[in-house]
Amino acid sequence: MTHLLEVENLEVKFALRFGDLTAIDDISFYLDKKEKLGIVGESGAGKSVTGFAIINLLSKPGYIAGGRIRFEGREINRLSAEALRQIRGNRISMIFQDPMMTLNPVLTIGTQMVETVQAHRRIGKAEARELALEKLRKVYIPSPEKRLDQYPHEMSGGMRQRIVIAIALLTDPALIIADEPTTALDVTIQAGIMELLTELCETEAMGLILITHDLAVVSQVTERIAVMYAGRIIETGYTTDIVTHPRHPYTIGLINSLPGTRQAGSRLEQIPGMMPNLTAIPEGCAFHPRCFLAADQCRRHRPELTAVSGGRHWAACHRLDQTLGHNHLHR
Amino acid sequence: MPNSTTPLLSIRHLVKHFDISGSLLDQLTLEKGRLRRRRTTVKAVNDVSFEIRRGETLSVVGESGCGKSTLARTVIGLYPPNRGEVVYEDRRIDHLSARQMLPFRRKMQMIFQDPYASLNPRMTVARTLEEPVVFHNPGISAAAAAEKVADVMRQVGVDPKWADRYPHEFSGGQRQRISIARALMVDPEFIVADEPVSALDVSIQAQILNLLMDAQEQRGLTYLFITHDLSVVRHISTRVAVMYLGTLCELAPAASIFSHPRHPYTQALLSAIPRLGEQRSQHIRLKGEVPTPIHLPTGCVFHGRCRYADARCREEVPVATALGPDALVACHRVAEGKL
Ligand SMILES: Nc1ncnc2c1ncn2[C@@H]1O[C@H](COP(=O)(O)OP(=O)(O)OP(=O)(O)O)[C@@H](O)[C@H]1O
Ligand SMILES: Nc1ncnc2c1ncn2[C@@H]1O[C@H](COP(=O)(O)OP(=O)(O)OP(=O)(O)O)[C@@H](O)[C@H]1O
Ligand code: SF4
Ligand SMILES: [Mg+2]
Ligand SMILES: [Mg+2]
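Residues numbered from 1 in each chain as written. Chains lettered and ligands numbered in written order. Predicted model: local features only at pLDDT ≥ 70, side-chain atom pairs only at ≥ 80, totals over all residues. Heavy atoms only, no water.

### Here's the deal with the overall build of chain B
A tally of regular secondary structure across chain B gives 13 helices and 14 strands. Here the C-alpha radius of gyration of chain B, 22 Å, is about what a compact globule of 339 residues would show, namely 20 Å. Considered along the principal axes of its C-alpha atoms, chain B spans approximately 70 × 55 × 40 Å. Counting all 339 residues of chain B, 50% fall into the buried class. Sequence separation of at least 24 residues holds for 66% of the intrachain contacts in chain B that already meet a minimum separation of 6. (Helix = DSSP H or I, 4+ residues; strand = E, 2+ residues; numbered from the N terminus. Rg over C-alpha atoms; globule rule 2.2 N^0.38 Å. Buried < 20%, exposed > 50% of the residue type's maximum accessible area, 1.4 Å probe, protein only. Contact = heavy atoms within 4.5 Å.)

### Here we look at the pairing of strand β1 (residues 7–19) of chain B
Residue and element names in this part refer to chain B. Summarising the sheet, β1 and strand β4 (residues 41–53) pair through nine bridges and their orientation is antiparallel. Along β4, the bridge assignment pairs Pro 7 with Arg 53. Where β1 and strand β6 (residues 83–88) come together, five bridges link them in antiparallel fashion. Residue pairing in the sheet places Ser 10 in a bridge with Val 87 of β6. (Pairing = 2+ DSSP bridges.)

### Examining the domain arrangement of chain A
All names here are of chain A. Under the domain assignment, chain A is made up of domain 1 (5–222) and domain 2 (251–322). Centre-to-centre, using C-alpha coordinates, domain 1 lies 30 Å away from domain 2. Each partner contributes to the interface: domain 1 provides 10 residues, whereas domain 2 provides eight residues. Interface area, domain 1 with domain 2, both sides summed: about 830 Å², of which 69% is carbon and sulfur. Together, Leu 21, Glu 42 and Leu 215 form the three largest contributors to the area buried by domain 1 at its contact with domain 2, with a combined 51%. The interface formed by domain 1 and domain 2 contains one salt bridge. (Domains from an automatic or database assignment. Buried area = accessible area lost by both parts, 1.4 Å probe. Salt bridge = Lys/Arg side-chain N within 4 Å of Asp/Glu carboxyl O.)

### Observations concerning the site of ligand 3
Neighbouring residues of ligand 3: His 263, Pro 264, Cys 300, Phe 302, His 303, Cys 306, Tyr 308, Ala 309, Cys 313, Cys 331, His 332 and Arg 333 of chain B. For the shell around ligand 3, the class distribution of residues is eight nonpolar, three polar and one charged. (Near = heavy atom within 4 Å. Nonpolar A, V, L, I, M, F, W, Y, C, P; charged D, E, K, R; others polar.)

### Focus: the site of ligand 2
Residues and elements named next belong to chain B. Every one of the 14 residues lining ligand 2 counts as a neighbour, but Ser 64, Gly 65, Lys 68, Ser 69 and Thr 70 are closest to it. At a separation of 2.8 Å, an oxygen atom of ligand 2 approaches a polar backbone atom of Gly 65. Gly 67 has a polar backbone atom sitting 3.0 Å from an oxygen atom of ligand 2. In the complex, 65% of the free accessible area of ligand 2, which totals 630 Å², lies under the protein chains. When contributions to the shell around ligand 2 are tallied by element, the ones reaching two or more residues are β4 and α2 (68–75). Taken together, the residues that form the shell around ligand 2 break down as seven nonpolar, five polar and two charged. (Polar contact = N/O pair within 3.5 Å; in protein donor to acceptor, adjacent residues only side chain to side chain. Areas by Shrake-Rupley, 256 points an atom, 1.4 Å probe, with all protein chains shown as cover.)

### Some remarks on the interface of chain B and chain A
It is common to give the size of an interface as the accessible area that goes away when the parts come together. Contacts between the two partners involve 34 residues from chain B and, on the opposite side, 42 residues from chain A. Interface area, chain B with chain A, both sides summed: about 3,200 Å², of which 56% is carbon and sulfur. Linking chain B to chain A there are two salt bridges. Between Glu 195 of chain A and Arg 285 of chain B there is a salt bridge, with the nearest N and O atoms lying 2.6 Å from each other. The tally of links between chain B and chain A comes to 16 residue pairs in polar contact (both at pLDDT 80 or more).

### Quick notes on the nonpolar core
Soluble globular proteins tend to bury their nonpolar side chains together. If you look at the biggest cluster of nonpolar residues, it comprises 96 residues, and the most contacted ones within it are Leu 5, Phe 29 and Ile 209 of chain A. If you tally residues by element for this core, the top one is helix α6 (residues 157–169) of chain A, at eight residues. Both domains that meet at this core, namely domain 1 (5–222) and domain 2 (251–322) of chain A, each give it at least three residues. If we ignore the near neighbours within four places in the chain, the residues touching Leu 5 of chain A are Phe 29, Tyr 30, Leu 31, Ile 54, Ile 69, Arg 70, Phe 71, Leu 175 and Ile 209 of chain A. Among the nonpolar cores identified, the runner-up in size contains 37 residues, and Val 152, Ile 204, Leu 212 and Met 213 of chain B belong to it. (Core = buried A, V, L, I, M, F, W, Y, C linked by side-chain atoms within 4.5 Å.)

### Structural notes on the sheet that holds strand β1 (residues 5–16) of chain A
Residue and element names in this part refer to chain A. Ordered in space as β2-β1-β4-β5, the four strands form an open sheet in which the pairing is antiparallel. Edge positions in the open sheet fall to β2 (19–31) and β5 (74–75), since each of these has one partner strand only. Relative to β2, β1 runs antiparallel, the two sharing 10 bridges. Within β2, the residue paired with Leu 16 across the bridge is Gly 19.

### Remarks on unusual backbone geometry
All names here are of chain A. Look at Asn 9: it is not a glycine, yet its phi comes out positive at around 50 degrees. Within the element layout of this structure, Asn 9 appears in strand β1. By relative accessible area, Asn 9 is classed as partly exposed at 40%. The backbone of Ala 205 shows a phi angle near 50 degrees, a positive value even though the residue is not glycine. Following the sequence through the fold, Ala 205 ends up in the loop between α7 (187–203) and β8 (207–212).

### Points about the environment of Gly 33 of chain B
All names here are of chain B. As for its position among the elements, Gly 33 is in the loop between β2 (28–31) and β3 (34–37). Residue Gly 33 is classed as exposed on the basis of its relative accessible area, which comes to 68%. Sequence separation between Gly 33 and Gly 55 is 22 residues, and the spatial gap between their C-alpha atoms is 60 Å.

### What about the sheet that holds strand β9 (residues 224–229) of chain A?
Residue and element names in this part refer to chain A. Strand order across the open sheet formed by eight strands is β6-β7-β8-β3-β9-β10-β12-β11, with mixed pairing between neighbours. Where the open sheet ends on each side, the last strands, each with one partner, are β6 (92–95) and β11 (306–307). Strands in contact with helix α1 (residues 47–54) are β3 (36–40), β6, β7 (175–179), β8 and β9; relative to β8, the strand with the most contacts, it is inclined by about 150 degrees. The strands touched by α7 within the sheet are β3, β6 and β8, with β8 carrying the most contacts at an inclination of about 155 degrees. (Axes fitted to C-alpha atoms, helices over the stretch in contact; angles between N-to-C directions.)

### Describing the side chain of Ser 219 of chain A
Mapped onto the elements, Ser 219 of chain A comes out in helix α8 (residues 215–221). Within the local environment of Ser 219 of chain A, its side chain forms a polar contact with the backbone oxygen of Ala 216 of chain A, the two atoms lying 2.9 Å apart. Ignoring anything within four residues of it in the chain, the contact list for Ser 219 of chain A reads Thr 239 and Val 243 of chain A together with Arg 275, Leu 276 and Gly 277 of chain B.

### Observations regarding helix α3 (residues 98–107) of chain B
Residues and elements named next belong to chain B. What α3 keeps buried is the set Met 101, Phe 104 and Lys 107. One side of α3 carries all its buried residues, which in axial view fall inside an arc of 90 degrees. Set apart from the buried face of α3 by more than 90 degrees, the exposed residues are Ala 98 and Arg 99. Lining the buried residues of α3 we find β6, β7 (91–92), β8 (108–111) and β9 (190–194). (Arc of directions from axis to C-beta.)

### Quick look at a nonpolar patch on the surface
All names here are of chain B. Judged by side-chain polarity, Leu 24, Leu 25, Leu 28, Leu 30 and Leu 35 come together as a nonpolar surface patch covering roughly 550 Å² of accessible area. Taken together, the elements giving at least two residues each to the nonpolar patch come down to α1 (24–27) and β2. Its place among the elements puts Leu 25 in helix α1. Taking the relative accessible area as the measure of exposure, Leu 25 reaches 70% and is therefore exposed. (Patch = residues over 30% accessible without salt bridge, like charges linked within 9 Å, V, L, I, M, F, W, Y side chains within 5 Å.)

Written as C-alpha cells, this is what we have:
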C-alpha cells in the first residue's frame, strides 16, 4: 500500500559562504490519510525546515541535497516548478504560527478567499464566495457572512488562525502541515483549534503533520510522533508508546523535564547543556555530550534508528538496553 | 516577627488604566452637530486586591491581555496606579518620589521574559552585574564588587571566567541566568518575574525553574510570578491568582485551585491545559471571545461567556469574597452557594 506521504532519507543543506551546513540529516517517515503525525523537538531541531522541504518552500541558501519525497504516489521533489505549484497550496497546505504569514492585512477576508479559490479553479465570484462561506462554517466562525467583509486586524488571534485554516481548506487539501499553529494562542483557544484540526482530518480525510515543541499537545492530538534532535529523527513510533515508554535518553529527558511530570515544588530533572549549533554537531551520537548514559561508542559511532518493540517503535541510541524505566511519568 | 503569613506586600483596590486617545485633535468627534471630546482608555487592571506573603510564590495567571504584566509593573512601581494602594510591609509605596523609592528599588527586583531586550548589548556581563551593586552601595571597593559578581555568577550557573563577554555571546538560557544574576546582585527580598521561562525550550526551562526555586530557598525570596503556562504554575506556586479582563476571579492555594477550581472562568481555563499522556479531556468550551478592555462588560466581566450567568451577573459586579480560610472567589453564583 502506498502512503499519502513518504519521506525517504531526506537531506537538507544550507549553502553558506564557508561551506554547506547540514540541517536535515537523513530522515524518513510516512503519513496516511486521516492520520496525525507529530514532529516534536526543541528550537533548532529542524522541524520547520522539514515542513518547508515537503512543501518545497525552502528559502534561498537552503536546498534538498538528497532523498525522496513521495506524495500521493508521485515523487514531488523531481517535479517541474509548474507541477509543483499545483500541489503546493492545493493538495498540500501549510499553516504557520503567525496567521499574518498567510493573511494579507490590506484585503478583506472575502477578497482573499475568493482570490485563493479562483487561483486554483475556474469558477465565478459568487460561487467562490459561497465556497468561502462553506469553509468558514466548517471552522466554526460565528456570523461568517459578516467576517467576509472584515479585515484581519478586526479579529482576534484565534479567529485569524481559524480563517487561515478555512483558507487552507478551500482547495480540498489531502495534507496539512501545521507549524506551531497554536504556540502564540491562549490555552482555551489552543484547545479549540486542536479539536478543530482533529475533526477536519476525519471529516475531510486529510493527513496532518503537527510541528510543535509542546509534547503535551502532540500527545493529545497525534497517533504517531517523530522526535527530532540536531537534524535527525532520534525516536519515532506510536504516541502512546513514546509517552509512556520513551527509549531515547533525549526523549526521556524531555519528558522528565516537564513540570507536570513531577511532584509540585520538587526539583525538575534537567538535561545539562543545550542543543548544538549546526556548525558544531558532535561526532557519533549528536546527543552524547548531554547524555547520562554516554559511553565510548556513543562518542565514535552514529547510532541508527533501531526497532525496540514489535516493529512499531524505533530509537537511535547505542545503549537501548539501559534506557528502560527512567521516565517518571509512569513509574 | 515576620512569619509565613504576614504579608510582605499588599495591593488594595488597584486600578491601572491607559489613556490611548492620542492628541486632542484625535479625541474630537462630531456628534449630532456638536463637537465632543472623547477619551479612550484601556482598563487594564480594575480594583484588584490581594496580599503576597513573605517567602511564598504567588502566581498570576490568565490569558493574553488580561492585565498580568500591567499589574506586575504597577506593583513594582514602573507604572503609577490610577487608584488604589501598593503597600510594602507597612509602608505605602505607590506615590513615592524617586528618592524615597530608592530603598524599595533595591528590595524589589524584576525579571523579564526576553533577557536580550533587558540586558544592555554594549555592556559586558561583569559591568551589567556590577552596576546595580555600585549604585546601591556607592562605597563598595572594586575588589569587593568583583568578588560579588563572581559569587552570584557561580550561583546562577554561569562560569565567572565569562564575565568579560557580551550578552550576544550567550544562549537564551544563559542570558536568562544572567538577568536573574543581575536581580540577585543587590540581595532583594521580593522578585517579580514576568514570563521568565516562556521563551525557553523545555529542557532549558527546567534549568531556570530549578535555579529560581534554589535561589528562593537559599535566600528566602518572595516571588510574584507571572506566566500563562499553567503546568509551570502548578509546579512552582504556593498560591495562584486568576485574572480575567483586568479583574481578579479567584485566588487560592495551588493544590486546591488545580483540584477544585471554583470560579467558572478558572474551571474553563484549567480544563484546557494539555497534559502529557492523558487522553484529550473534555475541556469546557467558552462561548464568544474576550471583550475589549476599552468597554468593560457590566456586572461580572465574565458574564457574556459564562454558562451560569443570570440577571444579577449582568448587573452587579461580584466582589472577591473569602471562601474558607485561604481562598477568594469573585462570583455571585459561588457566593450564593449554587456552584
Ligand atoms: N535560511 C537559513 N540559513 C541557515 N541556517 C538556517 C536557515 N533556516 C534555518 N536554519 C537552521 O536550520 C536549523 C533548523 O531550523 P528549524 O527552523 O527547522 O528549527 P525548528 O526545529 O523549527 O526550531 P523552532 O522550534 O525554533 O522553530 C537551525 O539550526 C537553523 O538555525
Ligand atoms: N503601555 C500601555 N499602553 C496602552 N495599553 C496598554 C499598555 N500596556 C498594556 N496595555 C493594554 O492593557 C491590557 C493588559 O495588558 P497586559 O500587557 O498587562 O496583559 P498581559 O496579561 O500581561 O498579557 P500577555 O499574556 O499577552 O503578556 C491589554 O489590553 C494591553 O493592550
Ligand atoms: S458571577 Fe456569574 S457570570 Fe460571573 S462567573 Fe460567576 S456565574 Fe459566571
Ligand atoms: Mg520552527
Ligand atoms: Mg504580559
